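In case you want the letters, here they are:
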Amino acid sequence: MEHDFPVLIVGGGPAGLVTALLLAQSGVPSLLVERHTSTSIHPRARGLNLRTMEIFRSLGLEKQIQQAGASLADNHLMLFVETLAGREIRRVPDADLLPVGKELEAITPCTWCQCAQDELEPILLAAAREKGAHIQFHTELQMLTYHAHGIEATVLDTTTGQQRTIHTRYLIAADGAHSQVRQQLGLAMQGRAGLGNFINIYFRADLRDLVCDRPFGICFVENEALEGVLLPVNNTDRWLLNVEYAPERGAQATDCSPARCQELVRAAIGRPELELEVLSVLLWEAAARVAEQMQVGNIFLVGDAAHTMPPAGGFGMNTAIQDAHNLAWKLAMVIEGEAGAGLLDTYAAERYPLACAVVKQATRELEAETPDTPGTPGDLLTSILGYSYASSAIMEQRHDESARCIAGLAAAGRPGTRASHVWLTYRDQRISTLDLFGRHFVLLPGALGGAWRGAAHTVAERMRLKLAVYQVGIDFTFPGGDESWHASCGITAQGALLVRPDGFVCWRSSDLAPKPEQLLTELFQHILSRGPCV
Ligand SMILES: Cc1cc2nc3c(=O)[nH]c(=O)nc-3n(C[C@H](O)[C@H](O)[C@H](O)COP(=O)(O)OP(=O)(O)OC[C@H]3O[C@@H](n4cnc5c(N)ncnc54)[C@H](O)[C@@H]3O)c2cc1C
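Bear in mind that the values here come from a model prediction, so they are computed numbers and not experimental data.

**As for the pattern of salt bridges**
Right, on to step 1. On inspection of all chains with the given rule, the structure shows 21 salt bridges.
Right, on to step 2. When the shortest N-O distance is used, the salt bridge between D435 and R57 registers 2.7 Å. With D435 in the loop between β22 (429-432) and β23 (441-445) and R57 in helix α2 (residues 50-58), the pair connects residues that are 378 residues apart, well separated along the chain.
Right, on to step 3. Of the charged contacts, one joins R204 and E277 as a salt bridge, the two residues approaching to 3.3 Å between their closest N and O atoms. Placement of the pair is R204 in strand β12 (residues 197-204) and E277 in strand β16 (residues 277-285), with a sequence separation of 73 residues.
Right, on to step 4. Here R204 falls in the partly exposed class, since its relative accessible area comes to 34%.
Right, on to step 5. E277 sits in the partly exposed class, given a relative accessible area of 41%.
Right, on to step 6. Bridged by salt links that share partners, the residues K330, E350, R500 and D502 form one connected network.

Below, the structure is given as structure tokens:
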């Protein structure tokens, strides 16, 4: 079958857009179809966690996204009130809950960022298009057939009503929580649904005088009329109010009429005469569920299509983006002929256990998050930066089942974990180790590991692989000295560390091997599912 595009992405939310962007960056053509006429108009997610910001840093988008979220950069309070205009119950600074400042700088080059989804998506869209991704709005996937030769997708142009068929080799289902692709594949969602039904009201009102010197990231409101959460979108005149409603106790969708929404907002603000405009309203159900499979043949589920999680901890969009980041480089290497198809199986092998762990963590956060007992950081940071993969794309010297998913932040250099961040001097610039990763495999030999360097160049050429080598003392210096660099990687001066394009350590040798060339050849054959002749 001739393919119109090697990859078809269904859904233009964060997961789909990041997949399109990453594939385009690797030179792989893709077509993204999105049924709406534009990116999201409702600012659902706002919190970008540290790992997501690291991904945006590697894409060169960190600053632009920080600027887009600049109006929320100083919103560091968790507030508890009866109404915004009324009695304040208490306030908790973010710094009491999350690492900031020097503590943060020691673990990541990035910072927490709040950027509303309706501002983030246009940035991702522009970047994906600039790199050459094909993106079509008002195009809805209607039907899917798949067989050994490829996938046929029937799509509808929602403006003209015309149908057409797209032939593709790989399909990415980034079509959200109600994924049609997932339903067509007959995949069930496993876990807990019905964790609450919510009305999310996006409204315009000037609240500056009421916020005053209390710039909050989240404000819990509890009074006789409602229990809800107030969230800033631009900190001046655009806000979100999230209120639970109970269909099981007779609440109707009509209870979300503009008049009722205005009433709810006024009750939360504590100003019956407040002037406001309801911009959009979203009804949603909190659930903690993961699809029974994240891959069926050449079809991959990413983001909310694969897992839905309660809002506590702000994991939904972040996990969606991180799914895309895990999958895109593998897909690109397989399509480019640098890896065997087996590499693609490691997507679900790595992301499924992680999705289950994150869903569990978000549920724990939700259950702890009441006005009296706000969610505590607990192992929040570990869930964000300290998770670990186990698959054939990771060579673990010691297989430790208990550490399979959450490895902790102290696991520096351990295969399966994110390569740790430390500050380096490279070409007279202060950069993070993470700035070395993103496009290719990277080998980091120790100061006396020159043999690895030579072997890596030979193997890369012979296997036609893109492999960069950075050796401490030669290509960069570590301010703490070579020895502490080796310690931070868990190797000796003769050892080496191999990092995948997604910044995860996939192998390390604490010492020199007798035949480094042979070892590296076999290593890449294994990790990339390549037979000797591929
Ligand atoms: C009120 C609210 C607040 C939230 N807050 C946070 C937060 O603070 N932090 C966080 O990380 N997450 C948050 N989330 C979750 C976050 O919004 C989602 O996890 C995120 O949008 C998932 O991205 P996605 O790309 O997987 O799916 P989506 O953003 O849902 O995108 C899916 C896209 O697919 C399109 N589509 C669907 N079917 C088809 C089809 N057949 N053909 C073509 N296109 C199709 C849809 O139109 C949509 O644009 C929140 C969610 C809600 C509802």
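After that view of the structure, there is still more to cover.
**Some words on the site of the ligand**
Right, on to step 1. Around the ligand lies a shell of 33 residues, among which E34, R44, Q117, D304 and M317 are the nearest.
Right, on to step 2. Computed on the free molecule, the ligand has an accessible area of 990 Å², of which 89% lies beneath the protein chains in the complex.
Right, on to step 3. Of all the elements in the fold, those that place two or more residues in the shell around the ligand are α1 (14-25), β8 (139-147), β16 and α9 (316-335).
Right, on to step 4. For the shell around the ligand, the leading source of residues is α9, giving four residues.
Right, on to step 5. For the shell around the ligand, the class distribution of residues is 12 nonpolar, 14 polar and seven charged.

**A look at the confidence of the model for the chain**
Right, on to step 1. Per-residue pLDDT for the chain averages 91, and the proportion of residues at 70 or more is 92%.
Right, on to step 2. Across residues 371-378, confidence stays below pLDDT 50; counting only partners more than four residues off in sequence or on other chains, it has 18 contacts.
Right, on to step 3. Model confidence for the complex: the whole-complex pTM is 0.94, and ipTM, which rates the interface, is 0.98.

**Points about helix α8 (residues 258-269)**
Right, on to step 1. For α8, built from 12 residues, the straight-helix expectation of 16 Å at 1.5 Å per residue is met to within 8% by its first-to-last C-alpha distance of 16 Å.
Right, on to step 2. Of the positions making up α8, those classed as buried are C261, L264, V265, A268 and I269. Seen along its axis, α8 keeps its buried residues to an arc of 130°; they face one direction.
Right, on to step 3. Check the buried side of α8 and you find it contacts β12, α7 (208-211), β13 (216-222), β14 (227-232), β15 (238-245) and β16.

**Points about the side chain of R51**
Right, on to step 1. Tracing the backbone through its elements, the reader meets R51 in helix α2.
Right, on to step 2. Classification of R51 by relative accessible area gives buried; the value is 6%.
Right, on to step 3. What R51 contacts, discounting residues up to four positions off in sequence, is Q322, H325, I384, L385, Y387, R418, D502 and F504.

**Considerations on the sheet that holds strand β17 (residues 288-291)**
Right, on to step 1. Read from one edge of the open sheet, three strands run β11-β17-β20, paired in antiparallel fashion. Edge positions in the sheet fall to β11 (189-192) and β20 (307-308), since each of these pairs with one other strand and no more.
Right, on to step 2. As defined by bridge partners, β11 adjoins β17 across four bridges and the pair is classed as antiparallel. Along β17, the bridge assignment pairs R192 with A288.

**So, the environment of E263**
Right, on to step 1. Tracing the sequence through the fold places E263 in helix α8.
Right, on to step 2. Sequence spacing of E263 and N75 is 188 residues, and the spatial spacing of their C-alpha atoms is 26 Å.
Right, on to step 3. A distance of 3.1 Å separates the side chain of E263 from the side chain of R260, its partner in a polar contact.

**So, the packing of α2 against α9**
Right, on to step 1. Look at α2 against α9: their axes get within 9 Å of each other, and the N-to-C directions meet at 45°. Here α2 is positioned oblique relative to α9, judged by the angle of their axes. Viewed along their axes, α2 and α9 form a crossing whose handedness is left-handed. Residues R51, T52, I55 and F56 of α2 lie in contact with α9, whose contacting residues are N318, I321, Q322 and H325.
Right, on to step 2. Of the residues contributing to the contact of α2 with α9, the split by class is three nonpolar, four polar and one charged.

**A short note on the domain arrangement of the chain**
Right, on to step 1. Taken domain by domain, the chain holds domain 1 (5-71 + 112-190 + 289-376) and domain 2 (419-528).
Right, on to step 2. Here the C-alpha centre of domain 2 lies 30 Å away from the C-alpha centre of domain 1.
Right, on to step 3. Across the contact, 15 residues belong to domain 1 and 16 residues belong to domain 2.
Right, on to step 4. A buried area of about 1,300 Å², summed over both sides, lies between domain 1 and domain 2, and 49% of it is on carbon and sulfur atoms.
Right, on to step 5. At the junction of domain 1 with domain 2, the criterion picks out three salt bridges.
Right, on to step 6. Our count for the domain 1 to domain 2 interface comes out at seven residue pairs in polar contact (both at pLDDT 80 or more).

**Section: the sheet that holds β16**
Two orientations exist for strands paired in a sheet by backbone hydrogen bonds: parallel and antiparallel.
Right, on to step 1. One open sheet holds the seven strands; their spatial order is β5-β4-β13-β14-β15-β12-β16, and the pairing between them is mixed. Each edge of the sheet is formed by a strand with only one pairing partner; in this case those strands are β5 (88-93) and β16. Going from strand to strand, the sheet's axes swing by 20° on average, the running direction of each strand aside.
Right, on to step 2. Direction of pairing for β13 relative to β14: antiparallel, over a ladder of four bridges. By the bridge assignment for β14, F220 is matched with V229.

Conventions adopted
- Residues numbered from 1 in each chain as written.
- Predicted model: local features only at pLDDT ≥ 70, side-chain atom pairs only at ≥ 80, totals over all residues.
- Heavy atoms only, no water.
- Salt bridge = Lys/Arg side-chain N within 4 Å of Asp/Glu carboxyl O.
- Helix = DSSP H or I, 4+ residues; strand = E, 2+ residues; numbered from the N terminus.
- Buried < 20%, exposed > 50% of the residue type's maximum accessible area, 1.4 Å probe, protein only.
- Near = heavy atom within 4 Å.
- Areas by Shrake-Rupley, 256 points an atom, 1.4 Å probe, with all protein chains shown as cover.
- Nonpolar A, V, L, I, M, F, W, Y, C, P; charged D, E, K, R; others polar.
- pLDDT = per-residue confidence, 0-100.
- Contact = heavy atoms within 4.5 Å.
- Expected span 1.5 Å × (residues − 1).
- Arc of directions from axis to C-beta.
- Pairing = 2+ DSSP bridges.
- Polar contact = N/O pair within 3.5 Å; in protein donor to acceptor, adjacent residues only side chain to side chain.
- Axes fitted to C-alpha atoms, helices over the stretch in contact; angles between N-to-C directions.
- Parallel < 35°, antiparallel > 145°, perpendicular 65-115°, else oblique.
- Left-handed = near helix turned anticlockwise from the far one by under 90°.
- Domains from an automatic or database assignment.
- Buried area = accessible area lost by both parts, 1.4 Å probe.

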